[in-house]
Amino acid sequence: MTSALLEIEDLRIEYRKPGLLRRKEPFVAVDGVSLRLERGQTLGLVGESGSGKTTLARSVLCLVDPTAGRIEFDGTDVTGFRRAGIGGTTRRVPHWYRRRVQAIFQDPTASLNPSWSVRDIVAEPLRVHTDLRDDAVTRKVATLLDQVGLDPSLDHQRPAAFSGGQRQRIGIARALATEPDLIVCDEPVSALDVSTQSTIVNLLNQVQRDTGVAYLFIGHDLGLMRHMSDRLAVMYHGRLVEEGPAEDVYHRPADDYTRRLLDAAPGFDPAEQRRKRELRRPVAAG
Ligand SMILES: Nc1ncnc2c1ncn2[C@@H]1O[C@H](COP(=O)(O)OP(=O)(O)OP(=O)(O)O)[C@@H](O)[C@H]1O
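Source: prediction; values computed, not measured. (Residues numbered from 1 in each chain as written. Predicted model: local features only at pLDDT ≥ 70, side-chain atom pairs only at ≥ 80, totals over all residues.)

## Some remarks on the sheet that holds strand β1 (residues 6–15)
Stated precisely, the cut-off is as follows: Two strands pair under a simple rule: DSSP has to find at least two bridges between them. The helix and strand labels rest on DSSP assignments: H or I over at least four residues marks a helix, E over at least two residues marks a strand, and numbering proceeds from the N terminus. Note on contacts: residues are paired as contacts if their backbone-placed C-beta atoms lie within 7 Å. Angles shown run from 0 to 180 degrees and are taken between the N-to-C directions of axes, each axis being a line fitted to C-alpha atoms and, for helices, limited to the stretch in contact.
Within the open sheet, the four strands sit side by side as β2-β1-β4-β5. Their pairing is antiparallel. Across the chains shown, the open sheet's two edge strands, defined by having one partner strand only, are β2 (27–37) and β5 (76–77). In this structure, strand β4 (residues 68–73) lies alongside β5, joined through two bridges in antiparallel fashion. Bridge pairing links Phe73 to Thr76 in β5. Sitting on the sheet, helix α1 (residues 53–60) touches β1, β2 and β4, and the angle it makes with β1 is about 115 degrees.

## Side note on the sheet that holds strand β7 (residues 182–186)
The sheet built from six strands is open, its strands ordered β6-β7-β8-β3-β9-β10 with mixed pairing. Across the chains shown, the open sheet's two edge strands, defined by having one partner strand only, are β6 (101–104) and β10 (239–245). Taking each pair of neighbouring strands and ignoring which way they run, the sheet shows an average axis angle of 15 degrees. Pairing between β7 and strand β8 (residues 214–218): five bridges, direction parallel.

## Looking at the site of the ligand
Put simply, the test is: In this analysis, residues qualify as near a molecule or strand once their C-beta atom, positioned from backbone atoms, comes within 6 Å of it. Note on residue categories: nonpolar means Ala, Val, Leu, Ile, Met, Phe, Trp, Tyr, Cys or Pro, charged means Asp, Glu, Lys or Arg, and polar means any other residue, Gly included.
By nearness alone, every residue bordering the ligand is listed as Tyr15, Phe27, Ala29, Gly47, Ser49, Gly50, Ser51, Gly52, Lys53, Thr54 and Thr55. Those elements that provide at least two residues to the shell around the ligand are β2 and α1. Here the element with the most residues in the shell around the ligand is α1; it accounts for three residues. Considering only residue class, the shell around the ligand consists of three nonpolar, seven polar and one charged.

## Focus on unusual backbone geometry
Even without glycine at this site, Asp10 takes up a positive phi of about 50 degrees. For Asp10, the position within the fold is in strand β1. A positive phi angle is found at Glu179, which is not glycine, with a value near 50 degrees. By the element assignment, Glu179 lies in the loop between α6 (164–176) and β7.

And the structure:
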């Protein structure tokens, strides 16, 4: 088997609350999770609130230290990139990793600097990660804004001048600036209204077709996740309960928890739900 873009092996992440007595058990947020994401594909990560999705995503972004297990990106072990050093210092994550792995977050308002212009926000990763001169940066910013459907002539405006969906487009332009191989998308459409959700999802799909970027995509809406993802992984209480091709997980879930998640999914027509339950009912042996 060829190496995947991202390979997560038996990952465990524990949180310790400061001041806890030593003998008290740490809280296990991610427990023995193994996942694989191929180049140019989307791995959808679903599960109820608190199941460990964001913690897993943050470990891929080297924002949280795994307790055990391994994260490999394009053949390089990146697990120890951010091990806490002596005296609480933190080792720097290499530039090449920050450049190749970008992120989009749920709340674009919180993740965009409100006092910067859109031009400066999108230009920042170019200034940090490339040797482009000012005029080339300006051209690239205009191309990126155009790519995400924003008018480049508005690049002097601040984020507050834009709608929620437009702000998410700014976040996507910023994430695309370094031409990453992977974008970790932590619920990028959950805070948007339904019609804006679908335009942003379509944009992300188009970007993937154009650039070959892979997504680790976290979301709650199973219907949307099914359309977005090549494979779906379902987490429950920090553990992976199911993983497989998106259509299989959606139509033929192997795990009880996935079935409950599907039945609880909002926007389902009750008759459709009944029909799905019938289809999923195990066939008696013999
Ligand atoms: N810094 C932290 N310290 C202690 N516990 C934490 C910390 N961050 C998250 N947790 C706990 O870890 C568990 C998993 O949280 P996480 O945010 O990864 O879940 P999630 O599936 O992404 O949830 P949501 O869909 O609500 O974002 C939760 O019980 C949460 O309270």
